[in-house]
Amino acid sequence: MISFLKFTILLVLVTLVSRSLADEYVLNNKRFPSSFMFGVATSAYQIEGAWNEDGKTMSTWDNLTHVRPELIMDGRNADIACDSYHKYEEDVALMKEVGVNHYRLSLSWSRILPTGFPDQINEPGVNYYKNLFRALKANGIQPLVTIYHLELPLALQELNGVLNESFVDWYSDFAAVCFDLFGDDVKLWTTFNEPKQVCSGGYGYGYFFPYIKSEGLLEYQCTHNLLRAHAKAYRIYDEKFRARQGGKVAIVLDAYSYLPASESAADITAAETRMQFDLGWFANPIFNGDYPEIMKSRIATRSKGEGRAESRLPEFTEAEKIALNGSADFFGLNVYTAGLVAAIDDPPISNPPSKYQDMGVNDYQPSDWETTSLDWLKVTPWSMRHLLNWINDHYHQPDILITENGVCDNTGTLQDVQRVSYIQRYLSNIRDTMELDGINVIGYTVWSIIDNFEWAQGYTQKFGLHHVDFDSPNRTRTPKLSAQYYKNVCHTKCLLDDDSACID
Ligand code: BGC
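Residues numbered from 1 in each chain as written. Predicted model: local features only at pLDDT ≥ 70, side-chain atom pairs only at ≥ 80, totals over all residues. Heavy atoms only, no water.

What exactly am I supposed to notice about the pattern of salt bridges here?
It is possible for side chains of opposite charge to pair when their charged atoms get near one another. Per the counting criterion, the structure on display carries 36 salt bridges. Here Lys30 ties to Glu435 by a salt bridge, and the two come within 3.3 Å at their closest N and O atoms. Placement of Lys30 in the loop between α1 (4-21) and β1 (37-41) and of Glu435 in helix α16 (residues 417-437) is noted, with a sequence separation of 405 residues between them. Across the pair Arg111 and Glu48 runs a salt bridge, and its minimum N-O distance is 2.9 Å. Taken together, the residues Arg111 in helix α5 (residues 109-112) and Glu48 in the loop between α2 (44-47) and α3 (60-67) connect sequence positions 63 residues apart. Put simply, Arg298, Arg302, Glu306, Arg308, Arg312, Asp346 and Asp358 are held in one network by salt bridges that share partners. (Salt bridge = Lys/Arg side-chain N within 4 Å of Asp/Glu carboxyl O. Helix = DSSP H or I, 4+ residues; strand = E, 2+ residues; numbered from the N terminus.)

Next up, the structure:
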């Protein structure tokens, strides 16, 4: 375990770098190890289209975009999206051209199991993924498959979705079907993408499907179910598939790097609390077997103050703790940005409760941080060192795979210089952390290989290395400057354009 002193020094260093040295930062010129994985990512709903083809049934997002188009920035849907259901070979060719080692994609549950349950397996849907895996293999690209990426069969949502106690079984049955069908081709699995977005976004703050606001209540129950579902699927892989298939299973967690707003002890403690309520909420059960102590104690105390007999934070049974503990073969990390955290006076007990008050800290992004076309997505590459060290120190030095990192614009320009610089600077700080702190980062994944349907933002935000023309029936793909840059990185394993300046 890192000493508190070393950790504090690192925090202070990172904060200082962020404030004064950002412009003077010198890019790392050491090559990445030859085993380092460079990849790209997408998800099923965001690219596939073919929403009702070949036996696929409605998913939550098909339904939402059809019945509530006003919730989507441009009122559009992903009925066709990038049409990757039909154009997957073209996508694989783009990846081959860039030279990636892996492709992170997700499975559409309602394409594989039209009723949501394994009573019926939809062969054409299964064949779509089998053909995709075959094409990837033929091009030397390893699939990294997410079983659940923010989308559920509508039939299951109508049964209360992730909040239903039986969700744990529905999900693990689906996961077992996936392991069984695809496990010979897929050796890297992640169970859920960003459960925090599902639970805090969907059932806490209510900014994401199904737009329910129930801070500090349903969001905790949602998380509890997803974590139990994750553990059950992981243990099914252990018991039934691991020996034969020899793959790895993990989960994808999204995190801000939360740094103390000042060097004061109070702000340093507040930043630690914020990290625990954000990343620790999910990672601690998976890597240490239970929710973080600070969450358990603060929520229990506040629940008592609200007159409740029990804590709003559910408890795991002993068997669940055992199943959860160690249920990830690597640490899947989605990282885009950072925040500063300041201590505040403990908020008074209030009804309804909120997770924000449960945390009892204030976080923000200063107005002078580099901006992008999305409010929350400030460019903070210097924060990588802190985050990666934090994960390393709290979760037993895991292998860390960056499963998403990227940046958007709302113009779709092919001269995407900010994206080039973003990828370059984030990767450089990752390389620094590997070199200076010995952290085991095993790979990096750009979100995304192509522009796609960005959830409530519709097609207004572009994250792709390739532009997609959503007005053309052909959904024409065109490489951006960033595709060229990333291609060079994949080939040279070095971040500089001039290879002679790179050091082995
Ligand atoms: C999600 C993606 C999303 C991306 C950019 C992640 O939160 O996994 O589905 O498109 O970030 O916002």
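Quick question: what am I supposed to make of the environment of Asp368 here?
On the secondary structure map, Asp368 appears in the loop between β7 (361-364) and α15 (384-394). Judged by relative accessible area, which is 66%, Asp368 ranks as exposed. Distance from Asp368 to Glu215, taken between C-alpha atoms, is 30 Å for residues 153 residues apart in sequence. (Buried < 20%, exposed > 50% of the residue type's maximum accessible area, 1.4 Å probe, protein only.)

Before we go on, may I ask you to explain the packing of α15 against α16 in this structure?
Each packed pair of helices is defined by two parameters, the angle between the axes and the distance between the axes. Where α15 contacts α16, the axes come no closer than 9 Å and their chain directions differ by 50°. In terms of axis orientation, α15 runs oblique to α16. Crossing of α15 against α16: the hand is right-handed. Taking contact as the criterion, the partners of Met384, Arg385, Leu388 and Asn389 in α15 are, on α16, Tyr426, Asn429, Ile430, Thr433, Leu436 and Asp437. (Axes fitted to C-alpha atoms, helices over the stretch in contact; angles between N-to-C directions. Parallel < 35°, antiparallel > 145°, perpendicular 65-115°, else oblique. Left-handed = near helix turned anticlockwise from the far one by under 90°. Contact = heavy atoms within 4.5 Å.)

What exactly am I supposed to notice about the UniProt feature "active site" (unreviewed entry) in the protein chain here?
According to UniProt, the feature "active site" (unreviewed entry) maps to Glu404 in the numbering used here. Considering the arrangement of structural elements, one finds Glu404 in strand β8 (residues 400-405). Residues contacting Glu404, with those up to four places away along its chain left out, are Ala41, Arg104, His149, Asn193, Glu194, Leu333, Asn334, Val335, Tyr336, Thr445 and Trp447. (UniProt positions renumbered as here; feature names shortened; annotations may be inferred.)

How do you make sense of the packing of aromatic side chains when you look at a structure like this?
The relative placement of two aromatic rings is captured by the distance of their centres and the angle of their planes. Scanning the entire structure with this criterion turns up 47 aromatic pairs. With a centroid separation of 6.2 Å and 70° between ring planes, the pair formed by Trp109 and Tyr171 is classed as edge-to-face. With Trp109 in helix α5 and Tyr171 in helix α8 (residues 167-182), this pair connects stretches of sequence that are 62 residues apart. The pair Trp109 / Tyr171 is uniform in exposure class, with both members buried. Among the aromatic residues, those joined into a ring-pair cluster are Trp109, Phe117, Tyr148, Phe167, Trp170, Tyr171, Phe174 and Phe192. The side chain of Arg111 reaches across the aromatic face of Tyr128, ending 5.9 Å from its centre. Above the ring of Phe32, the side-chain terminus of Arg431 is found at 5.6 Å from the ring centroid. (Phe/Tyr/Trp six-rings, centres within 6.5 Å; stacked < 30°, edge-to-face > 60°. Lys NZ or Arg CZ within 6 Å of the ring centre and 35° of its normal.)

Where do I start with the state of the cysteines in this structure?
Such a bond, covalent and formed between the sulfur atoms of two cysteines, is termed a disulfide. On inspection of all chains with the given rule, the structure shows two disulfides. Paired through a disulfide, Cys199 and Cys222 show a sulfur-sulfur distance of 2.1 Å. One quick way to see it: the torsion about the S-S bond of Cys199 and Cys222 is about -70°, and its sign makes the bridge left-handed. Here Cys222 lies in helix α10 (residues 218-245) and Cys199 lies in helix α9 (residues 195-203), a separation of 23 residues in the sequence. Here the two residues Cys199 and Cys222 agree in accessibility, since each one is buried. Cys494 shares a disulfide with Cys502; S-S distance 1.9 Å. Measuring handedness by torsion sign, the sulfur bridge of Cys494 and Cys502 sits at about -80° and is left-handed. Classification of Cys494 as buried rests on a relative accessible area of 0%. The structure places no disulfide on Cys178, whose sulfur is separated from the nearest cysteine sulfur, that of Cys222, by 19 Å. Residue class for Cys178 comes out buried when judged on its relative accessible area of 0%. (Disulfide = S-S within 2.5 Å.)

Help me out: how do you make sense of the site of the ligand in this one?
Gln46, His149, Asn193, Glu194, Asn334, Tyr336, Glu404, Trp447, Glu454, Trp455 and Phe463 make up every residue found near the ligand. A distance of 3.3 Å separates an oxygen atom of the ligand from a polar side-chain atom of Tyr336. In the complex, the protein chains occlude 93% of the 310 Å² of accessible area that the ligand would expose alone. (Near = heavy atom within 4 Å. Polar contact = N/O pair within 3.5 Å; in protein donor to acceptor, adjacent residues only side chain to side chain. Areas by Shrake-Rupley, 256 points an atom, 1.4 Å probe, with all protein chains shown as cover.)

Can you walk me through helix α4 (residues 84-98) in this structure?
Side chains three or four residues apart in an α-helix point the same way, a direct result of the helix having 3.6 residues per turn. The end-to-end C-alpha separation of α4 is 18 Å, well short of the 21 Å expected for 15 residues at 1.5 Å each. The largest bend in α4 is about 35°, located at Glu90. Immediately beyond the C-terminal end of α4, within one or two residues, lies Gly99, with a positive phi of roughly 90°. (Expected span 1.5 Å × (residues − 1). Bend = angle between axes of the 7 residues up to and from the residue.)

Even after reading the chapter, I still don't get unusual backbone geometry, so can you show me in this structure?
Note on backbone geometry: most residues besides glycine have negative phi, and most peptide bonds are trans. Between Phe209 and the following residue, Pro210, the backbone shows a cis peptide bond with an omega angle of 0°. Relative to the assigned elements, Pro210 resides in the loop between α9 and α10. Of the consecutive residues Trp447 and Ser448, the connecting peptide bond is found in the cis state with omega at 20°. Phi at Asp83 is positive, roughly 60°, even though this residue is not glycine. Its place among the elements puts Asp83 in the loop between α3 and α4. Here the phi dihedral of Arg475 falls at roughly 50°; this positive angle occurs in a residue that is not glycine.

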